[in-house]
There are 2 protein chains.
Amino acid sequence: MSSTPSDLEIARAARIRPIEEIAAAAGINADALEQYGRYKAKIDPARLQAPAPAGKVVLVSAMSPTPAGEGKSTTTVGLADSLARAGHKVMIALREPSLGPVLGMKGGATGGGYSQVLPMDEINLHFTGDFHAVTAANNALMALVDNHIYQGNQLNIDPRRMTFKRVLDMNDRALREVVIGLGGPTQGVPRQDGFDITVASEIMAVFCLATDLADLRSRLGRITFGYTFDRTPVTVADLGVQGALTLLLKEAVKPNLVQTIAGTPAMVHGGPFANIAHGCNSLIATQTARRLADIVVTEAGFGADLGAEKFMDIKARTGGLAPSAVVVVATVRALKMQGGVAKNQLTEPNIAALEAGVANLHRHVRNVEKFGVPPVVAINRFSSDSAEELDWLLAWCAAEGVPAAVADVWGRGGGGHGGDDLAALVAKTVAGPNNFRHLYALGLPVEDKIRTIAQEIYGADGVDFSVPALKRLADIERNGWGGLPVCMAKTQYSFTDDASRLGAPKGFTIHVRDLLPKTGAGFIVALTGAVMTMPGLPVAPAAMRMDVDGDGNPVGLA
Amino acid sequence: MSSTPSDLEIARAARIRPIEEIAAAAGINADALEQYGRYKAKIDPARLQAPAPAGKVVLVSAMSPTPAGEGKSTTTVGLADSLARAGHKVMIALREPSLGPVLGMKGGATGGGYSQVLPMDEINLHFTGDFHAVTAANNALMALVDNHIYQGNQLNIDPRRMTFKRVLDMNDRALREVVIGLGGPTQGVPRQDGFDITVASEIMAVFCLATDLADLRSRLGRITFGYTFDRTPVTVADLGVQGALTLLLKEAVKPNLVQTIAGTPAMVHGGPFANIAHGCNSLIATQTARRLADIVVTEAGFGADLGAEKFMDIKARTGGLAPSAVVVVATVRALKMQGGVAKNQLTEPNIAALEAGVANLHRHVRNVEKFGVPPVVAINRFSSDSAEELDWLLAWCAAEGVPAAVADVWGRGGGGHGGDDLAALVAKTVAGPNNFRHLYALGLPVEDKIRTIAQEIYGADGVDFSVPALKRLADIERNGWGGLPVCMAKTQYSFTDDASRLGAPKGFTIHVRDLLPKTGAGFIVALTGAVMTMPGLPVAPAAMRMDVDGDGNPVGLA
């Protein structure tokens, strides 16, 4: 075995306990537990004998991501393990991985090193089938819509103004732009179309924001999938299939229980895109975890400018949550990249670059405070970090008055004391006062909500709306959707809408090119650039390395 | 409540036992059981402590199907329940329902009345995710193929000669004929394409014929998905992704355990099309059931001319099975339709029509004997059947020397003595001698295999091959595929290839218009007419009636 075992090797070597033991230790009554294999289970919130949600929420977010890697999920797992080790009743709430990227570039997305959720291979493959259920519900809707058009189109749907696509949980470039319904009068009505990846489906966002089954049904009914020839929005309720879609999702909405390598209970449930959606695990999972644990450690996609802002203004608002702390994950490597160092130079100590790049962390930390929530900086240690660099960064945080700790959760895991300092800081922080507030009121006009986010969080001078975006703003007001929160789709690599501008840029404008009303999920997506909603596979897909060994064990997940 | 409760009402009123109780009673060690919710489980054959397969196989087949309905699955369940009641150690092996038709016309496919497998709603919806896994494996393959073409096409694949499609488990007419890869050089390589329903995927057939995980991997590797520009077949192994596809299927291939209303254990696993594939549940499920039970009751799609023949010549040959009896399900109603009575006249007693239509049953029964296996006729009783008609039919069977019994498995279920007579006949039959033989040797040329089936089973004078079919026959021999068995794709409604010719026609020719080599599944499909591999939705899809009630219970499955 090599000196650095792979994530899969570490995961397979770990001692994994039967899920009913994890459930019992977490206080879950057997009646509410539905096993899916030996190490996975669904929890039925309706049968759970536990009080109303009361656990404190710790959101793990990050500085702006770079190709150097930040390790947000790894930190989430390691922090929770360390809190558990310190005697806190803790639970994790994480997103489920999408199969497409697992087969494409990533090879897996369940933390890393000694801070992983298990069973790593099953979570990364089909898990409990939730994403397949979302795919089926999404595609049932579109089959029913195209059938409605084919059978006479009583609703007068304009096939050229469809705003909803079919989906697959696959990286499949060839399906981005297609023409369907070919073959003549018995085969359908031809129209231009395309497929998204399942995590980009509005049904995934609906799934993750629903408070219960009844709310899921209402939200599904409110989805606008297109417009009539006279430009009236057409909803799922107009078609009358919200019941069937709810039926297809009724088991999937029950949150999934798994465990970390250290045995901490983890809810892994739902996984909407972090650009055209809000990028957090399901609200039902977070709330169920808050019924069972005193502290729930959860995360949001991308950096704090996107993930934390959406968590606060969309998810926390929908669920009536008030987060008690935001952990901002930073690494010496990533800060040096923000300071202008190339990826192949990152192993060399460089205090000057760190000093330049820390401006990025600074803005994220100050942004968190704008929500009235105390930030904690987690310095996720890499083996190439020098003691001098780590000390400089800790000193900078101290001077700024921000609690900070170095965490070695990848190399040692929560079980190996790698996150003890971080856990102590977080425990102290959540015990303190909480003045949580949203960044903007829902009553503001949509364009002002966007301006508020751009100026307060990104540091922009202002917002420039394209002509189509201005037209869409008027449509949104006319259709009565102006009271919805905003979901920004912006590059995660920069505070600006230009991915190449690192650090903490000033003197820029955010360009909104279009707006997408997601009336089921309940937000308006503001597009600031091209958003890829169907990834492609690389030259050498991860799938090429995957296999099953002679004993049926997985090979090549990483 | 109405006097005739729906299948869903009966299913929900039934007492259902925890699946671990059913498993324990069936002799399944806890270590081999993987629960999926409270009432479903997967069995790991590798961990099962049970002897090699030895249980006797009873195949339930039928006369030629009519719109009057035959109740093959209902009879399978009722027979097994009655055998269990009589003290036999029995297990059922059935196909899983496909979601597309459930949402479309059927509303469900798990038996009927008091002879159903439970939990009816979960089996009809996502069950344990097997079909979703097949969908994912199929579509991963096609994403990898189109990516290969896009990334330089080292294998020299001709995009115009692709023989494999993407699939969805959905009735989606608009996807039958599509153009993919549009949008310019960064989006893919345009080509004409289409989607099939998941049950039509060759991967489903492979899944159902594999003997174990290693055999599954080999078969996946042997799938031919297209041809090069110089017309050489290209396989999954050429692309090098059989490992990834196996990994995606490794949990799904474990057979699923459920129970009937009467508590009989049932393996419900896999479900390939009965026209372009062999139409039986997985071989792994049948063999696992044979390790646990003395009698395994299983079924095959369509009438005995298609289902039983394929069971004998494809599945039984692959698995080394020797069926001990074939139950041929017949109904008075269906026989009268075969005798020329219209569907709306079936409730009127009509011995003359019965006498005319029984020729259809006669040919099926004699066909079964050609495989050296004794037939048993199950007369599935409908409330409109007159005593005179039932007596006439029993007398006819007696005169022909064929054991026969009336079964009332829908109305009374196996638990209500509705199948006692049938069970007694079947038990007696399987205790007798067995001279099982295949209809043809694999060494025969493909065209002679087809001729043998057409003449011996269908009663045709001969076979006429189209010019393209003759060309394809030559290709098949050249590519070394001539030793594979044949899988006939013919209308299920007639012994001929013309659906309107009922009864037992004579003096006809079978027309083979094309041949499809399925080198992974290991058979050559002979197409005798148009085969619909992607169904459409009707004017009023079953989905429109489906919903979830206030307690989260399903509504509208039928």
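Rules behind the numbers
Residues numbered from 1 in each chain as written. Chains lettered and ligands numbered in written order. Predicted model: local features only at pLDDT ≥ 70, side-chain atom pairs only at ≥ 80, totals over all residues. Heavy atoms only, no water. Helix = DSSP H or I, 4+ residues; strand = E, 2+ residues; numbered from the N terminus. Rg over C-alpha atoms; globule rule 2.2 N^0.38 Å. Contact = heavy atoms within 4.5 Å. Areas by Shrake-Rupley, 256 points an atom, 1.4 Å probe, with all protein chains shown as cover. Lys, Arg positive; Asp, Glu negative; His and termini not counted. Charge placed at Lys NZ, Arg CZ, Asp CG, Glu CD. UniProt positions renumbered as here; feature names shortened; annotations may be inferred. Buried < 20%, exposed > 50% of the residue type's maximum accessible area, 1.4 Å probe, protein only. Pairing = 2+ DSSP bridges. Axes fitted to C-alpha atoms, helices over the stretch in contact; angles between N-to-C directions. Least-squares fit on C-alpha atoms with pLDDT ≥ 70 in both. 1 Å grid on protein atoms, 1.4 Å probe; cavity = no way out; pocket = protein on both sides within 12 Å on 5 of 7 lines; lining within 4 Å. Points joined across faces, edges and corners; volume = space filled by probe spheres on them. Nonpolar A, V, L, I, M, F, W, Y, C, P; charged D, E, K, R; others polar. Polar contact = N/O pair within 3.5 Å; in protein donor to acceptor, adjacent residues only side chain to side chain. Buried area = accessible area lost by both parts, 1.4 Å probe. Salt bridge = Lys/Arg side-chain N within 4 Å of Asp/Glu carboxyl O. Parallel < 35°, antiparallel > 145°, perpendicular 65-115°, else oblique. Left-handed = near helix turned anticlockwise from the far one by under 90°.

Help me get a handle on the overall build of chain A, residues and values and all.
Helices and strands together make up the secondary structure of chain A, namely 18 helices and 26 strands. Taken over the C-alpha trace, chain A has a radius of gyration of 23 Å; the compact-globule value for 558 residues is 24 Å, and the two agree within 12%. Projected onto the principal axes, the alpha-carbon positions of chain A cover approximately 70 × 60 × 50 Å. The long-range fraction of contacts in chain A, counting pairs at least 24 apart against all pairs at least 6 apart in sequence, stands at 74%. If you sum the accessible surface of chain A, you get close to 18,100 Å²; carbon and sulfur atoms cover 52% of it. Taken as two groups, the 52 positive and 55 negative side-chain charges of chain A have centres that lie 3 Å from each other.

Please provide a residue-by-residue account of the UniProt feature "binding site: ATP" (unreviewed entry) in chain A, values included.
Residue and element names in this part refer to chain A. In the numbering adopted here, UniProt assigns the feature "binding site: ATP" (unreviewed entry) to Thr66, Pro67, Ala68, Gly69, Glu70, Gly71, Lys72 and Ser73. By the element assignment, Thr66 lies in the loop between strand E3 (56–62) and helix H3 (72–85). Here Thr66 falls in the buried class, since its relative accessible area comes to 9%. Positionally, Ser73 belongs in helix H3. Since its relative accessible area comes to 22%, Ser73 is described here as partly exposed.

Please give an account of the sheet that holds strand E23 (residues 514–518) of chain A that cites residues and values.
Residues and elements named next belong to chain A. Taken together, 3 strands build an open sheet; the order of strands is E21-E24-E23 and the sheet is mixed. Where the open sheet ends on each side, the last strands, each with one partner, are strand E21 (486–489) and E23. Averaged over all neighbouring strand pairs, the angle between strand axes comes to 25°, with direction disregarded. Examined bridge by bridge, E23 and strand E24 (residues 523–527) share 5 bridges and lie antiparallel to one another. Its bridge partner lying in E24, Leu516 is registered against Val525.

I'd like a rundown of the relation of the copies chain B and chain A, residues and numbers included.
Least-squares fitting of chain B to chain A yields an RMSD of 0.1 Å, with the transformation described by 0.0 Å of translation along the axis and a rotation of 180°. Considering both components of the superposition, the chain copies are consistent with a two-fold axis. Closest approach to the rotation axis within chain B is made by the C-alpha atom of Tyr36 of chain B, at a distance of 2.1 Å.

Any details on empty space enclosed by the protein? Residues and values, ideally.
The full count for this structure, using the stated rule, is 10 cavities of 30 Å³ or more. Its volume calculated, the largest cavity comes out at about 420 Å³. Thr128 and Gly129 of chain A together with Phe127, Thr128 and Gly129 of chain B are the residues nearest the centre of the largest cavity, which is lined by 35 residues in total. Grouping the constituent residues of the lining of the largest cavity by class yields 14 nonpolar, 8 polar and 13 charged. Its volume calculated, the second largest cavity comes out at about 180 Å³.

Mind laying out helix H7 (residues 202–209) of chain B, listing which residues take part and the relevant values?
Residues spaced three or four apart along an α-helix point in a common direction, a consequence of the helix completing one turn every 3.6 residues. Residue and element names in this part refer to chain B. Among the 8 residues of H7, 8 are classified as buried, and the element is accordingly described as predominantly covered. Taken residue by residue, H7 has Glu202, Ile203, Met204, Ala205, Val206, Phe207, Cys208 and Leu209 as its buried positions. Its side-chain oxygen 3.0 Å from the backbone nitrogen of Ile203, Ser201 forms the N-cap of H7.

Can you lay out the pairing of E23 of chain A for me, pointing to particular residues and giving the numbers?
Of all 5 residues in E23 of chain A, 4 are buried; the element is thus mostly enclosed. Remark: 4 residues form the turn of the hairpin made by E23 of chain A and E24 of chain A, two consecutive strands paired antiparallel; Gly522 of chain A in that turn has positive phi of roughly 90°.

Summarise the interface of chain B and chain A; cite the residues concerned and give the values.
Facing the 71 residues of chain B at the interface are 71 residues of chain A. Taken together, both faces of the contact between chain B and chain A bury some 5,800 Å²; the carbon and sulfur share is 62%. Looking at the side of chain B facing chain A, the largest losses of area belong to Arg38, Arg173 and Leu247 of chain B, adding up to 11% of the total buried there. Between chain B and chain A we count 8 salt bridges in total. A salt bridge links Arg166 of chain A to Asp172 of chain B; the nearest nitrogen and oxygen atoms lie 2.7 Å apart.

Before we move on, can you summarise the side chain of Thr128 of chain A with the specific residues and values?
Residues and elements named next belong to chain A. Locating Thr128 in the fold gives a position in the loop between helix H5 (120–124) and helix H6 (130–150). Overall, Thr128 belongs to the buried group, its relative accessible area being 12%. Among the polar contacts listed, one links the side chain of Thr128 to the side chain of Asn256, at a separation of 2.7 Å. Ignoring any residue separated from it by four or fewer positions in sequence, one finds Thr128 in contact with Tyr36, Lys40, Lys42 and Asn256.

Residue-level account of the sheet that holds strand E7 (residues 157–162) of chain B, with values.
Residues and elements named next belong to chain B. An order of E7-E12-E13 is seen for the 3 strands of this open sheet, with the pairing classed as antiparallel. Two strands in the sheet have a free side with no partner beyond their single neighbour: E7 and strand E13 (233–235). Geometrically, the sheet is characterised by an average inter-axis angle of 55° between neighbouring strands, direction not taken into account. In this structure, E7 lies alongside strand E12 (residues 224–228), joined through 2 bridges in antiparallel fashion. Paired with Ile157 across the bridge in E12 is Thr228.

Before we move on, could you go through unusual backbone geometry and cite the residues and values that matter?
Along the chain, Leu118 of chain A connects to Pro119 of chain A via a cis peptide bond; the corresponding omega equals -5°. Here Pro119 of chain A lies in the loop between strand E6 (115–118) and H5. Phi at Phe127 of chain A is positive, roughly 50°, even though this residue is not glycine. Checked against the element boundaries, Phe127 of chain A lands in the loop between H5 and H6. Judged by its relative accessible area of 6%, Phe127 of chain A falls in the buried class. Of note, Arg231 of chain B is a non-glycine position whose phi angle comes to about 65°, a positive value. Along the chain, Arg231 of chain B falls in the loop between E12 and E13.

Before we move on, could you go through the side chain of Asp44 of chain A and cite the residues and values that matter?
All names here are of chain A. With respect to the secondary-structure elements, Asp44 resides in the loop between strand E2 (41–43) and E3. Residue classification places Asp44 among the buried positions, given a relative accessible area of 12%. Among the polar contacts listed, one links the side chain of Asp44 to the backbone nitrogen of Ala46, at a separation of 3.0 Å. In contact with Asp44, other than residues within four places in its own chain, are Ala32, Glu34 and Lys254.

Hey, could you go over the packing of helix H14 (residues 351–370) of chain A against helix H15 (residues 387–400) of chain A for me, with residue numbers and the actual values?
All names here are of chain A. Where H14 meets H15, the axes come as close as 11 Å, and the angle between the chain directions of the two elements is 40°. The orientation of H14 with respect to H15, classified from their angle, is oblique. Taken as a pair, H14 and H15 cross one another with a handedness that is right-handed. Here Ile351, Leu354, Glu355, Val358, Leu361, His362 and Arg366 of H14 lie close against H15, whose contacting residues are Glu388, Glu389, Trp392, Leu393, Trp396 and Glu400. Considering only residue class, the contact of H14 with H15 consists of 7 nonpolar, 1 polar and 5 charged.

Can you lay out the environment of Val241 of chain B for me, pointing to particular residues and giving the numbers?
Residues and elements named next belong to chain B. Along the polypeptide, Val241 turns up in the loop between helix H9 (236–239) and helix H10 (242–249). We classify Val241 as buried; its relative accessible area is 0%. Measuring from C-alpha to C-alpha, the distance between Val241 and Val486 comes to 27 Å, with 245 residues separating the pair along the chain.

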